[in-house]
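Survey of secondary and tertiary structure
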Amino acid sequence: MFTTALKTQENRQSEYFTAVAKGPMLDRVYSMRYKSYSAEQYIEENSSLQFIDEYDDKPNSTCFLAYHRNNAIGSMRICEFNPSEGHAVPVMEIFDEEIRTHIGYENTFIEVNKFVIAPFFQRKGGVEARMLLIGTMVEEAINRGASSILLAVRPAHVRFYKMLGCKQISESKSYPHLSFKTVLMACTDVEWSRNFIRSKVNVVETHDDPVPNYGNY
């Protein structure tokens, strides 16, 4: 679990943390995705009220939940490509040529995807929640020995990720299961991104204990 004390303009500390989603926590991830994407009409409605794809049960995929005071307020998924194992990640379906040209398949890299903030929290602390999840992403990349981080993002978000040290390496293409187009961005200097994010977010501790209270969202 990646716990942070986030800086505000008043230099106060906020109670935000992330945890690996396991067991019933995964239902929370899938339903939060559904609420977030369906609210923007990015996916079709379904009776399960969950958004799950074929990568969720893969051994190289890990989901995370972000919490504020034990209330789940965001989630994301990391899919790891390790050349010794060869498990695919979603961006390989549509950006294979760009990955071969700019990143290569010789080293471990991670893709960050299914990055959502719960609709009710968007206007309450969405920026802090995003920085928390991005910080978790970068820490995970370093812990896994990843040389790069890949993200397929909407063109409107390119500027934000450039600030974090990512570069755009593709044109717009449709992303699997979603109605909008994305561009592929890559962070190839993970340590720089880590230092930048840590200048904005104070890392207090990192561990993998279970969340004692699933809270509400």
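Now for a description of the structure that goes with this document.

**Comments concerning helix H1 (residues 24-39)**
The end-to-end C-alpha distance of H1, which contains 16 residues, comes to 23 Å, matching closely the 22 Å that a straight helix rising 1.5 Å per residue would cover. The secondary structure elements touched by the buried residues of H1 are strand S2 (15-20), strand S3 (61-68), strand S4 (71-81) and strand S5 (109-117). Trailing H1 by a residue or two, Gln41 shows a phi angle of about 60°, which is positive.

**Digging into the packing of aromatic side chains**
All chains considered together, the criterion is met by 9 aromatic pairs. Ring plane angle 70° and centroid distance 5.8 Å describe the contact between Phe120 and Phe121, whose orientation is recorded as edge-to-face. The class of Phe120 is partly exposed, set by a relative accessible area of 36%. Ring geometry for Trp192 against Phe196: centres 5.4 Å apart, planes inclined by 5°, an arrangement best described as stacked. Placement of the pair is Trp192 and Phe196 together in helix H5 (residues 190-200), with a separation of 4 residues, close to one helical turn. Residue classification places Trp192 among the partly exposed positions, given a relative accessible area of 42%.

**Topic: the pairing of strand S6 (residues 148-153)**
In terms of burial, S6 is largely enclosed, as 5 of its 6 residues are buried. Direction of pairing for S5 relative to S6: parallel, over a ladder of 4 bridges. Within S6, the position partnered with Val112 by the bridge is Leu151. Note that S6 and strand S9 (residues 181-187) share 5 bridges and pair antiparallel. Residue Ile149 lies in a different strand from S9, and its bridge partner there is Cys187.

**Quick look at the nonpolar core**
With 34 residues, the main nonpolar core has Tyr37, Leu65, Val91, Ile99, Phe109 and Leu150 as its most contacted residues. Contributions of two or more residues to this core are made by S2, H1, S3, S4, S5 and S9. When neighbours within four sequence positions are excluded, Tyr37 is seen to be in contact with Tyr42, Ile43, Phe51, Lys114, Phe115, Val116, Leu178 and Phe180. The next biggest cluster of nonpolar side chains, apart from the first, holds 33 residues, and it includes Ile78, Ala129, Met185 and Val190.

**Structural notes on the pattern of salt bridges**
A side chain with one charge can pair with a side chain of the opposite charge if their charged atoms come near. The full count for this structure, using the stated rule, is 11 salt bridges. The salt bridge involving Asp56 is made with Arg77; its shortest N-O contact spans 2.9 Å. Taken together, the positions of Asp56 in the loop between H1 and S3 and Arg77 in strand S4 put the pair 21 residues apart, joining distant regions of the chain. In terms of burial, Asp56 and Arg77 fall into one category: buried. Its salt-bridge partner being Arg194, residue Glu191 comes within 3.8 Å of it at the nearest N-O pair. Of the two residues, Glu191 and Arg194 are both situated in helix H5; the distance of 3 residues between them amounts to about one turn of the helix. Owing to a relative accessible area of 18%, Arg194 belongs among the buried residues under this scheme.

**Focus: unusual backbone geometry**
Backbone geometry at Leu49 places phi at a positive 60°, although glycine is not the residue there. Residue placement: Leu49 occurs in the loop between H1 and S3. Located in the positive-phi region is Asn70, a residue other than glycine, with phi close to 70°. By secondary structure assignment, the location of Asn70 is in the loop between S3 and S4.

Criteria and thresholds
- Residues numbered from 1 in each chain as written.
- Predicted model: local features only at pLDDT ≥ 70, side-chain atom pairs only at ≥ 80, totals over all residues.
- Heavy atoms only, no water.
- Helix = DSSP H or I, 4+ residues; strand = E, 2+ residues; numbered from the N terminus.
- Expected span 1.5 Å × (residues − 1).
- Contact = heavy atoms within 4.5 Å.
- Phe/Tyr/Trp six-rings, centres within 6.5 Å; stacked < 30°, edge-to-face > 60°.
- Buried < 20%, exposed > 50% of the residue type's maximum accessible area, 1.4 Å probe, protein only.
- Pairing = 2+ DSSP bridges.
- Core = buried A, V, L, I, M, F, W, Y, C linked by side-chain atoms within 4.5 Å.
- Salt bridge = Lys/Arg side-chain N within 4 Å of Asp/Glu carboxyl O.

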